[in-house]
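# Structure at a glance
Each chain is listed here by its residues.
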Amino acid sequence: MHGTNGVNRNSPKEAVYGPVEMSGFGLHNLYIEQGIRQVSALVGHLREPKSRTGQMMRIELDWCHVQAGTAAHLLEHPETNIDYIETCWIMAIRDFLRTYKVRMEFTTHSHPVTLCDKDEFIMDALRTRGGCSPLQLQRLNACRMHLRVSRLSGIASADGTSLRDDSLKGKDSAIHPSETKWPRQARPLKYDWTFWRRKLRAVFSKDGSSTVLRFP
């Protein structure tokens with residue numbers, strides 16, 4: 001069978017996209033072309049401080065970081081698969097970079113860091129050690145976003161030895177002021193908070209069921 005361009009769809013990709021001078025068909029991979037143009041546009045606008053489009057791109061990048069809740073910069077370290085947040089232009093670029101094992105470097109960015117010894121980002125821990133599906137991670141992330149926290153230190157006691165009961169239950173008292181302008185996340189359902197408590201204890205607690213942290 002042939003495609004609309006007359007090339008057999010079963011032809012080897014090396015021949016389809018190979019240069020004509022080497023007996024290839026010389027066709028362009030449109031996904032690669034799109035990805036290159038998106039990266040070029042992003043870099044060009046971010047380098048121009050007065051670009052309004054660049055400002056919008058920085059806002060979207062910051063928003064993606066808040067929503068992802070990860071320690072790694074999304075475009076500097078695109079190797080991890082973060083499939084629990086909304087699909088957008090920035091995340092499409094990230095998927096392209098990950099597919100072809102390419103990364104971008106930023107001289108300055110406002111990405112958050114851990115605040116104390118043994119602190120870690122909640123979603124990174126749940127993603128790597130929680131054994132959750134993308135849909136389950138979406139539910140957990142909604143609870144985290146409602147509480148407006150990114151790190152374990154944000155839901156731990158002041159002495160850093162245990163998980164706070166109000167954070168586990170998603171009480172309003174657990175929502176604290178933050179320099180980050182968090183988006184408004186509706187309160188998740190009761191069964192989401194039950195799942196949130198169970199997973200936090202399984203991942204962070206000393207015995208997998210209590211509130212005492214494995215690493216204070």
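What you see is a predicted model; the values in this text were computed from it and never measured. (Residues numbered from 1 in each chain as written. Predicted model: local features only at pLDDT ≥ 70, side-chain atom pairs only at ≥ 80, totals over all residues. Heavy atoms only, no water.)

### Here we look at the overall build of the protein
The helix and strand inventory of the protein stands at 8 helices and 0 strands. When the elements of the protein are put in sequence order from the N terminus, they spell out α-α-α-α-α-α-α-α. For 216 residues, the compact-globule estimate of 2.2 N^0.38 gives 17 Å, and the C-alpha radius of gyration of the protein, at 22 Å, exceeds that figure by more than 25%. The principal-axis extents of the C-alpha atoms in the protein amount to approximately 70 × 45 × 30 Å. Sorting the 216 residues of the protein into buried and exposed places 40% on the buried side. Sequence-distant contacts, at least 24 apart, represent 59% of the contacts inside the protein between residues at least 6 apart. Only carbon and sulfur atoms are counted for the fraction: they give 54% of the accessible area of the protein, which is about 13,100 Å². (Helix = DSSP H or I, 4+ residues; strand = E, 2+ residues; numbered from the N terminus. Rg over C-alpha atoms; globule rule 2.2 N^0.38 Å. Buried < 20%, exposed > 50% of the residue type's maximum accessible area, 1.4 Å probe, protein only. Contact = heavy atoms within 4.5 Å. Areas by Shrake-Rupley, 256 points an atom, 1.4 Å probe, with all protein chains shown as cover.)

### Points about the packing of aromatic side chains
Per the stated rule, a full pass over the model turns up 4 aromatic pairs. Taken together, a centroid distance of 5.7 Å and an interplanar angle of 70 degrees make the contact between Tyr 31 and Phe 96 edge-to-face. Note that Tyr 31 is positioned in helix 2 (residues 30–46) and Phe 96 in helix 4 (residues 89–99), a separation of 65 residues in sequence. A relative accessible area of 10% means that Phe 96 is categorised as buried. Ring centres of Tyr 31 and Tyr 100 lie 6.3 Å apart, and the angle between their planes is 35 degrees; this geometry places the pair in the tilted category. One end of the pair, Tyr 31, is in helix 2; the other, Tyr 100, is in the loop between helix 4 and helix 5 (122–129), and 69 residues separate them in sequence. Judged by relative accessible area, Tyr 31 falls into the partly exposed class, the value being 35%. According to the relative accessible area criterion, Tyr 100 is partly exposed, its value standing at 36%. When the ring centre of Phe 215 is taken as reference, the NZ or CZ atom of Lys 118 above it lies at 5.6 Å. Stacked on the ring of Phe 195, the Lys or Arg Arg 139 has its end atom at 4.6 Å from the ring centre. (Phe/Tyr/Trp six-rings, centres within 6.5 Å; stacked < 30°, edge-to-face > 60°. Lys NZ or Arg CZ within 6 Å of the ring centre and 35° of its normal.)

### Here's the deal with the environment of Pro 183
Relative to the elements of secondary structure, Pro 183 occurs in the loop between helix 7 (165–169) and helix 8 (190–204). When the C-alpha positions of Pro 183 and Glu 86 are compared, they lie 13 Å apart, and in sequence the two are 97 residues distant. Once residues within four sequence positions are removed from consideration, Pro 183 is found in contact with Trp 63, Val 66 and Met 145.

### What about helix 8?
Its 15 residues give helix 8 an end-to-end C-alpha distance of 21 Å, which sits within 8% of 21 Å, the value for a rise of 1.5 Å per residue. The complete set of buried residues in helix 8 reads Asp 192, Trp 193, Phe 195, Trp 196, Lys 199, Leu 200, Val 203 and Phe 204. Along helix 8, the residues classed as buried sweep out an arc of 155 degrees about the axis, all on the same side. When the buried face of helix 8 is taken as reference, the exposed residues oriented beyond 90 degrees from it are Lys 190, Tyr 191 and Arg 198. Next to the buried residues of helix 8 lie helix 5, helix 6 (134–147) and helix 7. (Expected span 1.5 Å × (residues − 1). Arc of directions from axis to C-beta.)

### Observations concerning helix 4
Taken together, the buried positions of helix 4 are Ile 90, Met 91, Ile 93, Arg 94, Phe 96 and Leu 97. Positive backbone phi, approximately 55 degrees, marks Lys 101, located one or two places after helix 4.

### Description of the pattern of salt bridges
Where charged atoms from two side chains of opposite charge come close, those side chains can pair. Overall, the coordinates contain 7 salt bridges when judged by the stated rule. Among the ionic pairs, Asp 166 bridges to Arg 164, the shortest N-O distance being 3.1 Å. Under the relative-accessibility criterion, Asp 166 is labelled buried at 18%. Ionic pairing is found between Asp 165 and Lys 169, a salt bridge with its closest N-O pair at 3.4 Å. Residue Asp 165 and its partner Lys 169 are both found in helix 7; the two are separated by 4 residues, about one turn of the helix. (Salt bridge = Lys/Arg side-chain N within 4 Å of Asp/Glu carboxyl O.)

### Comments concerning the confidence of the model for the protein
Overall, the prediction assigns the protein a mean pLDDT of 89, with 96% of residues at 70 or greater. Taken element by element, the predicted model of the protein shows its lowest mean pLDDT in helix 1 (residues 13–16) (76) and its highest in helix 8 (97). (pLDDT = per-residue confidence, 0-100.)

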